[in-house]
Amino acid sequence: MALTASLGRVRKELLPLTDAVKEVISDLHHPIGERHLRFCEEITVLCTDTAMPNILAFGVPRVGPVVLGDTGAGGASRALHIQRMIGRGTSIYEVIDPAREYIEDVAMKITDHEEAVVADLQDEFQGHTEQLHRKLYLTYERSLFTNIGYTLDDLYMVWAQKIVNQLLRVTEFVENVSFDELRAHLRFPEGWWIKLFEETGDSSAEDSREAVFSPKAPRAPFQKYLASAGAALHRLIGTVWPLSKAELLTKAIQHITRALGEYQTMRNGRRGSAHVQVGSDDLVPVVILFILYTKPEIIATLCMNCLLLEDLLPMFLRNGIHGFSLVQFQGALHVIANLLPTEEINRANSTGAANDLT
């Protein structure tokens, strides 16, 4: 509740600045507005026309530039687009890693541009406090990413191909082993949360839940308690503002933590609000399993967003709850990506235990 109220206050405090900033950057006769337009055009070109030609040559779909001011496609079409982008083939493995330098250069250009524009906006509004700097940064960033966000997401998705393909190979392997076998392979200790993943009947899942979890995911109580966390990750599709992305990761972790507390309270026969303290020893394995049982497009989107936020989440947001949530998902994805040696995955594929995505 406190977290939700805090996030609400942040957004409310930005409202008075939003119109003022929009007025400045939409004025092409104003130096800040002119710089904003030129930069949006530059980033669009970097993300579409010249981005990593070696990768594009290996068959990854080229994404057309967005129209400045366009809000982009809706969530459904973005999900379809992501499905088409993932699992394109192992031939791009050789060229993904060298692209990191290119990605870092683009991210640095964005960060430097944001800081320069915010400094000019502070002069424009005659205020130089740290509080105003942060508000102006988030306000301008929102306007900037309205224009470049979808194109930038696609660039990061192309770069994330190697990791995403590995993650999807692991999840396909996981679908063909029992939960006990998976837990043993992960070397998770016996914990009270294990029962959360045991089948006990129909979860009566809503459409939003079915859109998030894979067909092989446990039903009740898993989907009952973690549906809200899954919905938060699903909303990442089509979300372009870094603050909104970070908020959704935070909400997902918050929902998982609350669900674990409620489940433990229910198992102990207590009534009322859950006040069970959930430690990292319980949270980490549940986050890992939660990701493993989501659909491929959700995993791909989560991976891409973690990579993007690693580069573009402002430092003043990293030092709090958003930074903690990002680290939880980054750590879980790292564990999953290294869950099985490549030779073991290939052996599983050859015996039919997992299908080859390529």
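The sections below set out a description of the structure shown in this document. The structure displayed is predicted, hence computed values, not measured ones.

1. Let's talk about the side chain of lysine 245
Next, step 1: By secondary structure assignment, the location of lysine 245 is in helix α12 (residues 242–267).
Next, step 2: Overall, lysine 245 belongs to the buried group, its relative accessible area being 0%.
Next, step 3: Residues within four places of lysine 245 in sequence aside, it is in contact with Asp153, Leu236, Thr239, Val240, Asn305, Leu308 and Leu309.

2. Considering the pattern of salt bridges
Think of it this way: side chains of opposite charge can pair up when their charged atoms draw near.
Next, step 1: Here the structure, examined in full by the defined rule, presents five salt bridges.
Next, step 2: Note that lysine 109 and glutamate 42 form a salt bridge whose closest N and O atoms lie 3.8 Å from each other. Placement of lysine 109 in helix α6 (residues 99–125) and of glutamate 42 in helix α2 (residues 31–48) is noted, with a sequence separation of 67 residues between them.
Next, step 3: Here lysine 109 falls in the partly exposed class, since its relative accessible area comes to 30%.
Next, step 4: Where glutamate 130 meets arginine 134, a salt bridge forms, and the shortest distance between an N and an O atom there is 3.3 Å. Of this pair, glutamate 130 and arginine 134 are both found in helix α7 (residues 130–159), four residues apart, which corresponds to roughly one turn of the helix.
Next, step 5: Since its relative accessible area comes to 36%, arginine 134 is described here as partly exposed.

3. Concerning the environment of lysine 216
Next, step 1: Mapping lysine 216 onto the fold places it in the loop between α10 (207–210) and α11 (222–234).
Next, step 2: Relative accessible area serves as the criterion here: at 48%, lysine 216 is assigned to the partly exposed category.
Next, step 3: Taking the C-alpha atoms as reference points, lysine 216 and glutamate 172, 44 residues apart in sequence, are found 9.7 Å from one another.
Next, step 4: Excluding anything up to four places from it in sequence, lysine 216 contacts Glu175 and Tyr293.

4. A short note on the nonpolar core
Next, step 1: The biggest cluster of nonpolar side chains holds 97 residues, and the ones touching the most others in it are Ile110, Leu152, Tyr156, Ile291 and Phe329.
Next, step 2: Broken down by element, this core gets its largest block of residues, 13 residues, from α7.
Next, step 3: Among residues more than four places away in sequence, those in contact with isoleucine 291 are Ile299, Leu302, Phe329, Ala332, Leu333 and Ile336.

5. Topic: the environment of glutamine 328
Next, step 1: Looking at the element boundaries, glutamine 328 is found in helix α16 (residues 321–337).
Next, step 2: Glutamine 328 sits 44 residues away from valine 284 along the chain, and the two C-alpha atoms are 7.2 Å apart.

6. Topic: the packing of aromatic side chains
Next, step 1: Summed over the entire model, instances satisfying the criterion amount to eleven aromatic pairs.
Next, step 2: For the ring pair phenylalanine 188 and tryptophan 193, a centre distance of 6.0 Å and an interplane angle of 80° mean the geometry is edge-to-face.
Next, step 3: When the ring of tyrosine 225 is compared with that of tyrosine 263, the centres are 5.2 Å apart and the planes differ by 70°; the resulting orientation is edge-to-face. Taken as a pair, tyrosine 225 in helix α11 and tyrosine 263 in helix α12 lie far apart in primary sequence, 38 residues in all. In this structure, tyrosine 225 and tyrosine 263 share a single accessibility class: buried.
Next, step 4: In this structure an aromatic cluster arises from ring pairing among Phe179, Phe188, Trp193, Phe197, Phe213, Phe222, Phe290 and Tyr293.

Each value, and the rule that gives it
- Residues numbered from 1 in each chain as written.
- Predicted model: local features only at pLDDT ≥ 70, side-chain atom pairs only at ≥ 80, totals over all residues.
- Heavy atoms only, no water.
- Helix = DSSP H or I, 4+ residues; strand = E, 2+ residues; numbered from the N terminus.
- Buried < 20%, exposed > 50% of the residue type's maximum accessible area, 1.4 Å probe, protein only.
- Contact = heavy atoms within 4.5 Å.
- Salt bridge = Lys/Arg side-chain N within 4 Å of Asp/Glu carboxyl O.
- Core = buried A, V, L, I, M, F, W, Y, C linked by side-chain atoms within 4.5 Å.
- Phe/Tyr/Trp six-rings, centres within 6.5 Å; stacked < 30°, edge-to-face > 60°.

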